[in-house]
Number of protein chains: 2
Amino acid sequence: MALMAPTQQVKRRATNQGAAVKEALAAEDTFRSAQDVYATLRASGEKIGLSTVYRHLQIFVDDGLADVIHKPDGESTYRLCGDASTTHHHHLVCRSCGKAVEIEGPAVETWADKVAAQHGFSDVNHTVEIFGLCTTCAAS
Amino acid sequence: MALMAPTQQVKRRATNQGAAVKEALAAEDTFRSAQDVYATLRASGEKIGLSTVYRHLQIFVDDGLADVIHKPDGESTYRLCGDASTTHHHHLVCRSCGKAVEIEGPAVETWADKVAAQHGFSDVNHTVEIFGLCTTCAAS
DNA sequence: TGACATAATGAAAATGATTCCCGATAAGAC
DNA sequence: GTCTTATCGGGAATCATTTTCATTATGTCA
């Protein structure tokens, strides 16, 4: 019961910066790091601070608008998701360009829950990410 | 073809520090961070530097002796594994104490490969970790 | 066994992502 | 328009991890 509905929105002001961050993410279907988004925005002349980028990315995650993937090197990458609040899904991610495809695996969900239950674990969740090279990147 | 066999050992000297790090990991069946292992070793009077701990943990991973899990907060945790070189497996991890159980899911492996293939991804691998609270931690 | 080449070590400095701080700014309410 | 306060943002602070490099210790070979 420790989890609250991700759709539980908090009163939030509309700001240019917030919109800019969302647009930057929406512009591509790839997982992007905060540093990357920040650099892109600044490069396009946007007036925004690094802290603000981090703040909004975290807000998106809290509101269930974006998914996060923690890369092996420790960097966090974000991507907007269609309707994360209602659809639990995973990703097939290109480890070269970051392009991602949302995938579902009902069987995996039930398997995970069953395994956890067998070992007496409660309050379970899981992470499943598939990495590979997309056709474009594999060509180069 | 970029991957080499994890069992491909490199000439390596036997040192007290290396043994100490391995012992520290072997002492518990939980995923532990480098900082944690370092603190434990120093507390027990071991003469070892932080860099050395990091070095050996990485070596274990390279040699297929240990598995890594990158926690959401960015910290990497390590655990020795029975025979990682021959058995591909995943983990059911207690998010409170780090205790882990090795699990297998052949169905998940095939599913992952199939999904990747359907989208034209090559050179595929995946991460599957199940997090929860073990019975002990759930009680407190 | 003794000398040597060099892998391993570790203290300190460097790195890099992320968070914190706090005075300045601007969104929304009245 | 005025006011309240959420939001900004630049810079300092954290923190895990990596790098540097002079010192130490291991395995080898004579």
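Anything mentioned here points back to the structure above.
S.K.: It is not clear to me how the sheet that holds strand β3 (residues 76-80) of chain B should be interpreted in this structure. Could you clarify?
M.R.: Sheets are built from strands paired through backbone hydrogen bonds, the pairs being either parallel or antiparallel. Residues and elements named next belong to chain B. Spatial strand order, β1-β3-β2: three strands in an open sheet with antiparallel pairing. Looking along the sheet, the strands with just one partner apiece sit at the ends: β1 (32-33) and β2 (66-70). Across two bridges, the pairing between β1 and β3 is antiparallel. Looking across to β3, one finds that S33 is bridged to T77.

S.K.: Looking at this structure, I do not really get the protein's contact with DNA strand D. What am I missing?
M.R.: T15 and H56 of chain A together with R13, Y54 and S76 of chain B are the nearest of the 21 residues found near DNA strand D. At the protein interface, 62% of the atoms of DNA strand D within 4 Å belong to sugar or phosphate. Here K47 of chain A contributes a backbone N or O atom positioned 3.0 Å from a phosphate oxygen of DNA strand D. Between DNA strand D and Y54 of chain B there is a distance of 2.5 Å, counted from a phosphate oxygen to a side-chain nitrogen or oxygen. Broken down by secondary-structure element, the contributors of at least two residues to the surface near DNA strand D are α1 (16-26) and α3 (50-62) of chain A together with α3 (50-62) of chain B. The biggest single contributor to the surface near DNA strand D is α3 of chain A, with four residues.

S.K.: Looking at this structure, how should I read the environment of N125 of chain B?
M.R.: With respect to the helices and strands, N125 of chain B occurs in strand β6 (residues 122-133). For the pair formed by N125 of chain B and K99 of chain B, sequence separation is 26 residues and the distance between their alpha carbons is 24 Å. The residues touching N125 of chain B, leaving out its near neighbours within four places in the chain, are R95, E129, I130 and F131 of chain A.

S.K.: I would appreciate a short explanation of the layout of surface pockets in the present structure.
M.R.: Rolled over the atoms, a probe sized like a water molecule indicates the empty space that remains. Residues and elements named next belong to chain B. The space that makes up the second largest pocket amounts to roughly 250 Å³. R12, R13, A14, G18 and H56 are the residues nearest the centre of the second largest pocket, which is lined by 13 residues in total. Of all the secondary-structure elements, those providing two or more residues to the lining of the second largest pocket are α1 (16-26) and α3. Its residues placed into classes, the lining of the second largest pocket shows five nonpolar, four polar and four charged.

Quick notes on the rules
- Residues numbered from 1 in each chain as written.
- Chains lettered and ligands numbered in written order.
- Predicted model: local features only at pLDDT ≥ 70, side-chain atom pairs only at ≥ 80, totals over all residues.
- Heavy atoms only, no water.
- Pairing = 2+ DSSP bridges.
- Helix = DSSP H or I, 4+ residues; strand = E, 2+ residues; numbered from the N terminus.
- Near = heavy atom within 4 Å.
- Polar contact = N/O pair within 3.5 Å; in protein donor to acceptor, adjacent residues only side chain to side chain.
- Contact = heavy atoms within 4.5 Å.
- 1 Å grid on protein atoms, 1.4 Å probe; cavity = no way out; pocket = protein on both sides within 12 Å on 5 of 7 lines; lining within 4 Å.
- Points joined across faces, edges and corners; volume = space filled by probe spheres on them.
- Nonpolar A, V, L, I, M, F, W, Y, C, P; charged D, E, K, R; others polar.

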